[in-house]
Each structure stands twice: as C-alpha cells, then as structure tokens.
Amino acid sequence: MKKKNNNNLHAMYSKTHYEYVRKIKRDKTFILSMQILLFVAFIGLWELLATVNIIDPFFFSSPSRIYTTFVSLISSGSLWTHIGITLFETIIGFLIATALGTLIAILLWWNEKLRRILEPYIIILNSLPKIALGPIIILWVGSGATAIITMCVLICIVITTISMMNAFLSCDKDKVLLMQSMHANKFQIFCKLILPSAIPEFLSVLKINVGMSWVGTIMGEYLSSSAGLGYLIVYGSQVFKIDLVMTSTVLLCLLAGLMYAIICVIEKKFKR
Amino acid sequence: MNTLLKFDNVDFYYQTKTEEIKALSSVNFEVSDQEFCSVVGPSGCGKTTILSLTAGLLKASSGKILLKDKPVEKNDSRIGYMFQRDHLFEWRSIWKNITLGIEIQKPQNKEAKLELAENLLKKYDLYAFKNQRPSQLSGGMRQRVALIRTLVLEPQLLLLDEPFSALDFQTRLKVCDDVYEMIKSEKKTAILVTHDISEAISMSEKIIVLSSRPAAVKSVLKLNLKGKTPLEKREDPTFGELFDKIWKELTNEEKK
C-alpha cells in the first residue's frame, strides 16, 4: 500500500519535488527520533547510575523509585487531592490574572493620562521579585488557598498588563485614522480594531501565563500550604524523601505541558 | 460645474515641543463637483496635511474649508478617505470589511447601503470573493475592496492618499485604471495626493502644484487629455510636455 502511494507521488510530482518532500519528512522523523532517544537515554542513564550507585539514589532518586512513589500515592488516594488542589489554584490564578491584567491594560489604553501617571509604578512592580511580598500576602489575606492564588495573580498580572497595553498601543495609527474617518467612537475603535488586532499578543500572553501561574502557585505553596504538589516538594525535602520531591516535580512538568498544549489548541483555532 | 470643495486662505501650524512649524501658508483652491483633482508637491511639503484638513481629522489654524458651502466638521461623514495601504482587517471577510462603515455608522437606510455594497461587489467582479479573507486577494483586488468600503458610505468627496504607492508598477497601472473607472462610474469627486507626476496627469482633470514647506499653491493646471482611461491618456501627445512642466516646477522648488 505504501509502495503504491509512493508510486502515486512519483506520478503527481517531478522527481526533484518528490525528493524535496521526502527530505522534509526525513528531517521531521529524525528530529522526533532524536527527541525520544534523548529522553530514553536520560532516563536509562539516570536509572543505571542509580542502580550501580555512581549517584546516590537517596539524594538523586531514580526513575524506578519515582514510579514506585507515584503508584503508592495513587493507591493511597492522596495524589488526586494534591493534584486537584494545585491545579485549582493555578487555573483560578491564571484566569484572574489574565482577565484582570487585560482589563487594567484596557483602562490604561483608554486613558492616556492615567497610563502616564501609573507607568513608573508598573515598571517598579514588574521588576520587584514577587516572592518578597509573600509574608505580607499571608498577613493580609491569611494563609492557604487565598494566599497562594494571590501570589499566582501577582506574578502574572503585571506582565499581562504590560504586554496587552503594548499590543493595544502598537496598533497601526492609520487604521485608527481610518476608523475615525468612518465616524467610529472610541468604544467601536477598541472593539472592532484594537482588540482583534491584539489577539496574537493575547495568545502569547496566555502561553507566558501558563508557565508563570505554575511558578506563582508553587511559590505560594512553598510559603503556606497543607496540600498540593508544592507542599509535597517542601515536605519531601524537609523529611529527605527525595523520591516524593522528584515525583511531584515530574507531575508538575506533565501538568504544565498539558496546560500549554491546551493553549496551543486554542491558538490554532483562532488562527484558522 | 458647481464648486464642491473650497480652500479659502488656509494656514496650518504643527505644534512640537520646541517650535511651531508652519505647514500651510494661505492655501487657496477649488474642486468642482465630479472633478478628479490631484495634488503634487515636493516631499514633506504638506500634501497629506491638506487631505487631513479636508477630512476634518485636523483643524485649520486660520482660513475656511468649505464643502458645498458648509465648513467641514471633525470626521465629516460627507468625506471618504483612502489611505496609502488598503488597511483591510485580516480577521474580517471581504464582506465584513466592506460593510465596516455601515456597522459603525448604523445608518437609517442600512438595507439600501448593504444592497449598494452587494451591487458594487458584483459590478467590480469581487462578489465571488465576499466570504474570503483579504490575504487571499491580490494587491489590485485589495485596493478595489478598499475603494468599495469607502464608496458604500456614499461620500460626496473621496480623498486618496497615495493609494497606489504600495503596488508594483504593472499592478499600479491596472489599479489606476480600475479606480478611475469606479470613481467616474459612481460620479464621485476625488482628490488624489501623489508623488507620481505621470499618475497625476493620467488620472486628473486638474492638478494643484504645491510649493515646498510652508506649502502654498504654486500653480493650478487644467487638463483635457484624450482617452477614456488613465492608460489611454498616457498616449496623448501633450502628456510629455505636461510632465516636463510639472517636473521643472517641482525641481525648482526642491532647489530652494
């Protein structure tokens, strides 16, 4: 069947074009194979070094120990609780920060004077390491989920505001003039021109915020939590259960990757 | 023919942090109803400023700008503006781009305007593309769509700010013909700002030559070239002579 398809390709295109398409496919397969090979080699080497005690599994863990910890967490039923809590905090923080950051950006685009007044404060807030606000957050909003979500929002909101505001401001001035020459009011200019033209930037912000919101949540869980993947990492490191730390980290990688993939699907739908 | 637009002793100053720049100095000219008029002048002399003032996007520092004896207002709806680039919105279909002005203005005769939009698309062979995106159209087709977007609002005066400058030479000649035919067929008055003297001569019944900044009207040439289209008018025996005359006026200005 495959041979028949290849013959069809030969019939449809010239030999040079056929070779060109084959080269693209070959390159794609090579890159995917190398990516899988690198992953398998890393896991295999890690396991081997831990088994022959070149690295101490107590400090470095190993893939098999991570797997065992993962299975025991599932069988104890606590894994889903921890994942659920962290996922909930991350998604809520991500949504609040994206919505609120975009709303502030809209206000700053709308009112130039307000933008000029607030600009230095936004720059200072952006350069401030948000972890420094941790103790104050706990004092103000209490410990637990509220503090963690607040930390997550603080980490994402400033970059969302700055990126969206710049996207709104970089809209082609002639297009704005065109809208004005058609009698469009400011609200119409925003809804029909500024907002749609900022969608590519908005999708980039979503991608950045996926990563940032995980950072915010884990940082928040380090500061104050009694459950969640961040809590497992802190707990595991305090009682020297490195397997637990590594398992939680691997789970974080998978969840962040999954959330990023969802954003990529949304992006593809918008680009169609 | 009746006068449609009148510039009466118009001055305009740009304000900058350090100085006040005089862009226009006592500009006087008239454009008649259904006339195709071009404005040429040295680079940076204030040609686009004249269009912005006419459209009401800027306010004259002194003097009067009258459209059918009434002063132009801010964003005057009697005027349609076409920019250097087509500025079609990529996230909208061709139909949605063309009806953008109707969507914004919500006119009482909305149905009639939508019908006009549909008729214009059919008349200018773009109806088959109404559901496509701007990126699927050629440069010339995009300019025709941009002109239809302006025409559906039925402006009394069309302002064309170098609308062909982004096109390659061959497409440019073809689009000039198309746009000229559309404007004449819809019986519209147009002012074209251009750097291209040949384009101005081939399309216009009147050419206003501006001096360097602060721009003043240096001369007004009335043209009556043989030919139905801009391309045919380029064959007129006086074309070269007119070109030389305007060229000399402009180069003398740039030497100043």
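In this numbering scheme, every chain counts its residues from 1 along its sequence in written order. Working convention: letters from A go to chains and numbers from 1 go to ligands, in the order in which they are written. Totals for whole chains, interfaces and linings use every residue, but because this is a predicted model, local features are given only for residues with pLDDT of at least 70 and side-chain atom pairs only at 80 or more, for both listing and counting. Think of the side-chain values as coming from all heavy atoms in the structure, minus any hydrogens and water.

Points about the overall build of chain B
Line of reasoning, step 1. The helix count covers DSSP runs of H or I at least four residues long, the strand count covers runs of E at least two residues long, and both are numbered beginning at the N terminus. Regarding its fold elements, chain B presents 9 helices and 10 strands.
Line of reasoning, step 2. Scaling as 2.2 N^0.38, a compact globule of 256 residues should have a C-alpha radius of gyration of about 18 Å, and chain B matches this with 18 Å.
Line of reasoning, step 3. Reported as C-alpha extents along the three principal axes, the dimensions of chain B are approximately 50 × 45 × 40 Å.
Line of reasoning, step 4. Summary of the burial criterion: residues with accessible area below 20% of their type's maximum are buried, those above 50% are exposed, and those between are partly exposed, where the area comes from a 1.4 Å probe applied to protein chains only. Within chain B, the proportion of its 256 residues that are buried is 55%. A radius of gyration in this sense is built from C-alpha atoms; the matching globule rule multiplies 2.2 Å by the number of residues raised to 0.38.

Digging into the packing of aromatic side chains
Line of reasoning, step 1. Geometry of aromatic contacts follows a simple scheme: Phe, Tyr and Trp rings, the Trp one being its six-membered ring, pair when their centres are within 6.5 Å, and the pair is stacked under 30 degrees between planes, edge-to-face over 60, tilted otherwise. Tallied over the full model, the rule gives 12 aromatic pairs over all chains.
Line of reasoning, step 2. Measuring from centroid to centroid gives 5.7 Å for A:Phe42 and A:Trp46, while their planes differ by 45°, and the two rings are tilted. You can see A:Phe42 and its partner A:Trp46 sitting in helix H2 (residues 15–51), 4 residues apart, about one turn around the helix.
Line of reasoning, step 3. Overall, A:Phe42 belongs to the exposed group, its relative accessible area being 53%.
Line of reasoning, step 4. Summarising the aromatic geometry, the rings of A:Phe58 and A:Phe59 are spaced 5.2 Å apart at their centres and angled 85° between planes, so their arrangement reads as edge-to-face.
Line of reasoning, step 5. You can call A:Phe59 partly exposed: its relative accessible area is 48%.
Line of reasoning, step 6. One aromatic cluster in this structure is built from A:Trp109, A:Trp110, A:Phe168 and A:Phe190.
Line of reasoning, step 7. Geometry around B:Tyr127 places B:Lys122 over its ring, the cationic atom sitting 5.0 Å from the centre.
Line of reasoning, step 8. Put simply, a charge is over a ring when the Lys NZ or the Arg CZ is close to the ring centre, within 6 Å, and near the line of the ring normal, within 35 degrees. Directly above the ring of B:Trp95 sits B:Lys130, whose terminal nitrogen or CZ lies 4.7 Å from the centroid.

Let's talk about the interface of chain A and chain B
Line of reasoning, step 1. Across the boundary between the two partners, chain A contributes 16 residues, which contact 22 residues of chain B.
Line of reasoning, step 2. Buried area counts how much accessible surface, traced with a 1.4 Å probe, disappears from two parts once they are put together, with both parts' losses summed. Roughly 1,700 Å² of surface becomes buried between chain A and chain B when both sides are summed, with 66% attributable to carbon and sulfur atoms.
Line of reasoning, step 3. Contact with chain B buries surface across chain A, with A:Leu178, A:Met182 and A:Lys192 losing the most and accounting together for 36% of the total.
Line of reasoning, step 4. Here, a salt bridge means any side-chain nitrogen of Lys or Arg that lies within 4 Å of a carboxyl oxygen of Asp or Glu. Residue B:Glu103 pairs with A:Lys192 through a salt bridge whose shortest N-O separation is 2.7 Å.
Line of reasoning, step 5. Of all the elements, helix H9 (residues 173–181) of chain A adds the most residues to the side of chain A that touches chain B, at 7 residues.
Line of reasoning, step 6. Put simply, Ala, Val, Leu, Ile, Met, Phe, Trp, Tyr, Cys and Pro go in the nonpolar bin, Asp, Glu, Lys and Arg in the charged bin, and everything else, Gly too, in the polar bin. Looking at the side of chain A that touches chain B, its residues break down into 7 nonpolar, 5 polar and 4 charged. Contact definition: two residues touch when any of their heavy atoms are within 4.5 Å.

Focus on the domain arrangement of chain A
Line of reasoning, step 1. Domain segmentation is taken from an automatic or database assignment of domains. According to the domain assignment, chain A consists of domain 1 (2–55) and domain 2 (67–271).
Line of reasoning, step 2. The C-alpha centroid of domain 2 of chain A is placed 35 Å from the C-alpha centroid of domain 1 of chain A.

Details of the sheet that holds strand S4 (residues 62–67) of chain B
Whether parallel or antiparallel, the strands of a sheet pair through hydrogen bonds between backbone atoms.
All names here are of chain B.
Line of reasoning, step 1. When DSSP finds at least two bridges between two strands, those strands are taken to pair. Across the sheet, which stays open at both edges, the 4 strands sit in the order S2-S1-S4-S5 with antiparallel pairing between neighbours. Among the strands making up the open sheet, the edge pair consists of strand S2 (20–32) and strand S5 (70–71).
Line of reasoning, step 2. One ladder, built from 9 bridges, connects strand S1 (residues 3–15) with S2; its direction is antiparallel. Looking at S2, one finds that tyrosine 14 is bridged to isoleucine 21.
Line of reasoning, step 3. The convention used is that axes are lines fitted to C-alpha atoms, helices contributing only their stretch in contact, and that angles between N-to-C directions extend from 0 to 180 degrees. Lying on the sheet, helix H1 (residues 47–55) is in contact with S1, S2 and S4; it crosses S1 at an angle near 115°.

Thoughts on the pairing of strand S7 (residues 157–161) of chain B
All names here are of chain B.
Line of reasoning, step 1. Among the 5 residues in S7, 5 count as buried, and that is most of the element.
Line of reasoning, step 2. Side-chain alternation along S7 places Leu157, Leu159 and Asp161 on one buried face and Leu158 and Leu160 on a second face that is also buried.
Line of reasoning, step 3. Direction of pairing for strand S6 (residues 79–82) relative to S7: parallel, over a ladder of 4 bridges. What sits directly across from tyrosine 81, in S7, is leucine 159.
Line of reasoning, step 4. Note that S7 and strand S8 (residues 189–193) share 5 bridges and pair parallel. The residue of S8 that forms the bridge with leucine 160 is leucine 192.
Line of reasoning, step 5. With the strands aimed away from the viewer, a crossover counts as right-handed if its path from the first strand over the helix to the second runs clockwise. For the crossover that starts at S7, traverses helix H6 (residues 169–185) and ends in the parallel S8, the hand is right-handed.

Quick notes on the pattern of salt bridges
Line of reasoning, step 1. If you walk through the whole model with that rule in mind, you get 17 salt bridges over all chains.
Line of reasoning, step 2. B:Arg85 is paired through a salt bridge with A:Asp172; the nearest N and O atoms lie 2.7 Å apart. In this pair, B:Arg85 sits in the loop between S6 and helix H2 (94–98) while A:Asp172 sits in the loop between helix H8 (145–169) and H9, so the two residues belong to two different chains.
Line of reasoning, step 3. B:Arg172 is paired through a salt bridge with B:Glu199; the nearest N and O atoms lie 2.9 Å apart. Taken as a pair, B:Arg172 in helix H6 and B:Glu199 in helix H7 (residues 197–203) lie far apart in primary sequence, 27 residues in all.
Line of reasoning, step 4. Of the residues examined, B:Glu199 reaches a relative accessible area of 1% and is grouped as buried.
Line of reasoning, step 5. A single network of salt bridges, built from pairs that share partners, joins A:Lys192, B:Arg92 and B:Glu103.

A closer look at the nonpolar core
Line of reasoning, step 1. Throughout this description, the term nonpolar core refers to a set of buried Ala, Val, Leu, Ile, Met, Phe, Trp, Tyr and Cys residues connected via side-chain atoms within 4.5 Å. Ranked by size, the top nonpolar core spans 96 residues in total, and within it A:Ile194, B:Leu5, B:Phe7 and B:Ile148 carry the most contacts.
Line of reasoning, step 2. Looking at this core, the element that brings in the most residues is H8(A), giving 10 residues.
Line of reasoning, step 3. Beyond its immediate sequence surroundings of up to four residues, B:Ile148 is in contact with B:Ile98, B:Leu120, B:Leu121, B:Tyr124, B:Leu126 and B:Met182.
Line of reasoning, step 4. Counting residues in each nonpolar core, the second largest holds 19 residues, with A:Leu73, A:Ile83, A:Ile218 and A:Leu255 among its members.

Let's talk about a nonpolar patch on the surface
Residues and elements named next belong to chain A.
Line of reasoning, step 1. On the surface, a nonpolar cluster with roughly 480 Å² of combined accessible area is contributed by Leu107, Leu114, Ile117, Leu118 and Tyr121.
Line of reasoning, step 2. Of all the elements, helix H6 (residues 112–127) adds the most residues to the nonpolar patch, at 4 residues.
Line of reasoning, step 3. Here leucine 107 shows up in helix H5 (residues 78–110). What goes into a patch is any residue over 30% in relative accessible area without a salt bridge, connected to like charges within 9 Å or, for nonpolar side chains (Val, Leu, Ile, Met, Phe, Trp, Tyr), within 5 Å. The Shrake-Rupley method, run with a 1.4 Å probe, gives the accessible areas here. Residue values count only the displayed protein chains as cover.

Structural notes on the sheet that holds strand S10 (residues 217–222) of chain B
Residue and element names in this part refer to chain B.
Line of reasoning, step 1. In space, the 6 strands of this open sheet follow the order S6-S7-S8-S3-S9-S10, with mixed pairing throughout. Lying at the two open borders of the sheet, with one neighbouring strand each, are S6 and S10. Neighbour-to-neighbour, the strand axes of the sheet open up by a mean angle of 15°, direction not taken into account.
Line of reasoning, step 2. Docked against the sheet, helix H5 (residues 139–151) engages S6 and S7, running at close to 165° with respect to S6.

Topic: the side chain of B:Arg142
All names here are of chain B.
Line of reasoning, step 1. Relative to the helices and strands, arginine 142 resides in helix H5.
Line of reasoning, step 2. Contacts described as polar in this section are N or O atom pairs within 3.5 Å, which, within protein, must combine one atom able to donate a hydrogen with one able to accept it, while residues neighboring in sequence count only if both atoms come from side chains. At 2.9 Å, the side chain of arginine 142 and the side chain of aspartate 86 are in polar contact.
Line of reasoning, step 3. Residues in contact with arginine 142, not counting those within four places in the same chain, are Asp86, Leu88, Glu90, Pro134, Ser135 and Leu137.

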